[in-house]
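As a plain string of letters, each chain reads:
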Amino acid sequence: MSAEEQTLDAEWLSKAQTEIDAKTKPLGSLGLLEAASVRLIVLQRTLKPRVRDGAIALFAADHGLADDGVSQYPKVVTREMLRNLGTGGAAINAICAANNLVLRVIDVGVDTDETFTNVLVDKVLSPNGTLSSFTQDAAMTPDQLDAAIEAGREQASIMLLDADAFGIGELGIGNTAVASILLAAASGNSAAEVTGKGTGVEGERYTHKVSIVSQVLEKHADIIAKNDWKLTMQTLGGLEISAMVGACVETARTPGKALMIDGFISTVAFLYALKMYPNEARALGRCVFLSHLSAEQGARIAVDEIHKILATVEGAASIGKPLLDLGLRLGEGTGAALAFPLLKAAAHVATDMNTFAGAGVSESN
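Residues numbered from 1 in each chain as written. Predicted model: local features only at pLDDT ≥ 70, side-chain atom pairs only at ≥ 80, totals over all residues. Heavy atoms only, no water.

Turning next to the overall build of the protein chain. When you go through the protein chain residue by residue, the secondary structure sums to 16 helices and six strands. The C-alpha radius of gyration computed for the protein chain amounts to 20 Å, which stays within 12% of the reference 21 Å derived for 365 residues, consistent with globular compactness. Judged by the C-alpha coordinates and their principal axes, the protein chain covers about 70 × 45 × 40 Å. Counting only residues that meet the buried cut, the protein chain has 56% of its 365 residues in that class. Residue pairs at least 24 apart in sequence account for 80% of intrachain contacts in the protein chain once pairs closer than 6 positions are excluded. In the structure as shown, the protein chain presents an accessible area of about 14900 Å², 50% of it carried by carbon and sulfur atoms. The positive charge centre, built from 30 side chains, and the negative charge centre, built from 43, are 4 Å apart in the protein chain. (Helix = DSSP H or I, 4+ residues; strand = E, 2+ residues; numbered from the N terminus. Rg over C-alpha atoms; globule rule 2.2 N^0.38 Å. Buried < 20%, exposed > 50% of the residue type's maximum accessible area, 1.4 Å probe, protein only. Contact = heavy atoms within 4.5 Å. Areas by Shrake-Rupley, 256 points an atom, 1.4 Å probe, with all protein chains shown as cover. Lys, Arg positive; Asp, Glu negative; His and termini not counted. Charge placed at Lys NZ, Arg CZ, Asp CG, Glu CD.)

What follows is the structure, given as C-alpha cells:
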C-alpha cells in the first residue's frame, strides 16, 4: 500500500474514532463493537459503512496424515460430511440459514470420486487429497499448492461480488494436527504447546497425536529453518488450508470487503497468508476480523503470532481481539457465521446511531 494510502487510512482512523466517540453512549461502553465500527469506517472510507450481505466459503480436503492416527474419526468422515453439508444438515448450514448468509462448499481435495448436491469440485491435480508429511517428503507438489491457492482466490472473487463480508471455513479429518504442525513451524512453539484435542482425542490417542506432530517437525526441520513459508506450506500443509490462504489474499485485494476468520485452522491459514504474502500484510490486516477465539489449545498462540507480524508492518492498525469467545472448536466457518451479525450491528452503530449533538443530548461533564 502506498504512502498516500497509508495517510488516507490515518485520516480516516481519526475521523472514525471521533465519530464513534461522539455517539450517544459513554465512551467505550459498546466494547469491541465500537472497535469494529471504527475499523469498518476505515475499511470502507465512509462514516456510513455497509454490511448487509455476507457469505461463507467452506473448503474441504483430505489429509494423508489422517492415516497416521491423529484424529478421533476415520478419513471417510470427510466425504460423509460433504454429503451432509450438501443436503443442509451440518452446523454451518443451520447457522448460515439463521443469519441469511450465502454458503458455498468447495471440494479442493477430498479423497472420493463421488459428487454431492450443492458441493463444487475444484481438485483436478489433487483428487485424493495430500500425502502424509509424517511418511513422505512433502504433503503436496508445488503445482498442487498453487492450484489450491488459486481455487481459494477464484471462489473468493466470485463470492465477493455480492458480499460485504466474506468468511472462510474448512472441513478435513486430521486438519487440526496439520494446522498444529504449521503453527509450530511458524511460531517456534513445541508440539505439546500447539496441539489440541481436535475432534476429541483423549488419553493415549492425544499423546500419539502430539508425538506425530513432534516427529513431523523434527523430520522437516531443515525445510522449516529456511523460512520459506510457501515451501513450508507445500511440505507440511493442506489443500483446504492453502485454499483459505488464497481466499484471504483475494479479499485483501478487493476494496472495502471485510474478511471474517473462523477458528484455529482458519486462523493458521490467515497467519500463513501474512507469511507467504508479506507485501499484502497491511491489506490483510486492514480487512480482517477475528470472529472468535477457538477452544483449541494453539488458538491464542496463532492470534498472538498474527499480532506480532502486524506490529512490524508500517502503518498497520491493530486488528483487536476476537469478537466472540464461546468455546467453539468445530470449524466449518461456524464462528465466522456467528460473528457476521456483530459486524452488521457495528456498521449500523456507525451509520444509524445519533451523536450527542445530533440528538440534542447533553454530554458528560
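After presenting the structure, the write-up continues.
Looking at where Arg329 falls in the secondary structure, it is placed in the loop between helix H14 (299-311) and helix H15 (334-352). Look at Arg329 and you get partly exposed, because its relative accessible area is 42%. With 75 residues separating them along the chain, Arg329 and Thr254 place their C-alpha atoms 29 Å apart. Not counting chain neighbours up to four residues away, the residues in contact with Arg329 comprise Gly198, Thr199, Gly200, Ser294, Ala295 and Glu296. From its side chain, Arg329 meets the backbone oxygen of Gly198 in a polar contact 2.7 Å long. (Polar contact = N/O pair within 3.5 Å; in protein donor to acceptor, adjacent residues only side chain to side chain.)

What follows covers the pairing of strand E2 (residues 102-109). With seven bridges connecting them, strand E1 (residues 54-61) and E2 associate as parallel partners. Bridge pairing in E2 links Ala57 to Arg104. (Pairing = 2+ DSSP bridges.)

With that settled, consider the packing of aromatic side chains. According to the stated counting rule, one finds one aromatic pair in the structure shown. One residue, Arg39, lies across the ring of Phe289, its end atom 4.4 Å from the ring centre. Stacked on the ring of Trp229, the Lys or Arg Lys275 has its end atom at 4.3 Å from the ring centre. (Phe/Tyr/Trp six-rings, centres within 6.5 Å; stacked < 30°, edge-to-face > 60°. Lys NZ or Arg CZ within 6 Å of the ring centre and 35° of its normal.)

Counting residues in each nonpolar core, the largest one holds 113 residues, and the members touching the most others are Leu40, Leu82, Phe166, Met233, Phe270, Tyr272 and Leu343. With ten residues, helix H12 (residues 264-276) is the single largest residue contributor to this core. Contact partners of Tyr272, with chain neighbours within four places excluded, come to Leu182, Ala185, Ala186, Trp229, Thr232, Met233, Val245 and Tyr277. Counting seven residues, the second-largest nonpolar core is a separate cluster that includes Ala16, Ile20, Ile41 and Val42. (Core = buried A, V, L, I, M, F, W, Y, C linked by side-chain atoms within 4.5 Å.)

A word on the pattern of salt bridges. This model, assessed by the stated rule, comprises 17 salt bridges. Close ionic contact of Lys230 with Asp146 constitutes a salt bridge, the shortest N to O distance being 2.9 Å. Of the two residues, Lys230 is situated in helix H10 (residues 229-236) and Asp146 in helix H5 (residues 142-159); the sequence distance between them amounts to 84 residues. The class for Lys230 is partly exposed, based on a relative accessible area of 40%. Arg153 serves as the salt-bridge partner of Glu150, at 3.6 Å between the closest nitrogen and oxygen. Taken together, the residues Glu150 and Arg153, both in helix H5 and three residues apart, mark about one turn of the helix. Its relative accessible area of 27% is what places Arg153 among the partly exposed residues. Among the ionic contacts, a cluster of salt bridges with common partners joins Glu5, Asp9, Arg45, Arg282 and Arg286. (Salt bridge = Lys/Arg side-chain N within 4 Å of Asp/Glu carboxyl O.)

Turning our eyes to something else, we now look at the sheet that holds E1. Ordered by their spatial adjacency, six strands build an open sheet running E3-E2-E1-E4-E5-E6, and the pairing between neighbours is parallel. With partners counted over all chains shown, the strands left at the sheet margins are strand E3 (119-121) and strand E6 (288-290), one partner each. Across the sheet, the mean angle separating the axes of adjacent strands is 25° when strand polarity is ignored. When strand E5 (residues 258-261) meets E6, the two strands line up parallel, connected through three bridges. When the sheet's bridge partners are listed, Leu259 is paired in E6 with Val288. Across the sheet, helix H3 (residues 76-86) touches E1, E2, E3 and strand E4 (165-171), and the angle it forms with E4 is around 140°. (Axes fitted to C-alpha atoms, helices over the stretch in contact; angles between N-to-C directions.)

Note: α-helices contain 3.6 residues per turn, so residues at a spacing of three or four share the same orientation. The end-to-end C-alpha separation of helix H1 (residues 3-21) is 27 Å, in line with the 27 Å expected for 19 residues at 1.5 Å each. Along H1, the residues classified as buried are Gln6, Asp9, Trp12, Ala16 and Ile20. Projection of H1 onto a plane perpendicular to its axis shows the buried side chains occupying an angular sector of 120°, all on one side. Facing away from the buried side of H1 by more than 90 degrees, the exposed set consists of Ala3, Glu4 and Thr18. Looking at the buried side of H1, the elements it contacts are helix H2 (32-44), helix H13 (281-287) and H15. (Expected span 1.5 Å × (residues − 1). Arc of directions from axis to C-beta.)

This part takes up the packing of helix H6 (residues 175-187) against H12. One way to put it is that H6 packs onto H12 with a least axis distance of 9 Å and a crossing angle of 35°. Judged by the sense of rotation from one axis to the other, the crossing of H6 with H12 is left-handed. Side by side, H6 and H12 meet where Asn175, Thr176, Ala179, Ser180, Leu182, Leu183, Ala185 and Ala186 of the first sit next to Phe264, Ile265, Val268, Leu271, Tyr272 and Lys275 of the second. Here the residues of the contact of H6 with H12 are counted per class, giving ten nonpolar, three polar and one charged. (Left-handed = near helix turned anticlockwise from the far one by under 90°. Nonpolar A, V, L, I, M, F, W, Y, C, P; charged D, E, K, R; others polar.)

By themselves, these are just geometric observations and shouldn't be taken as functional.
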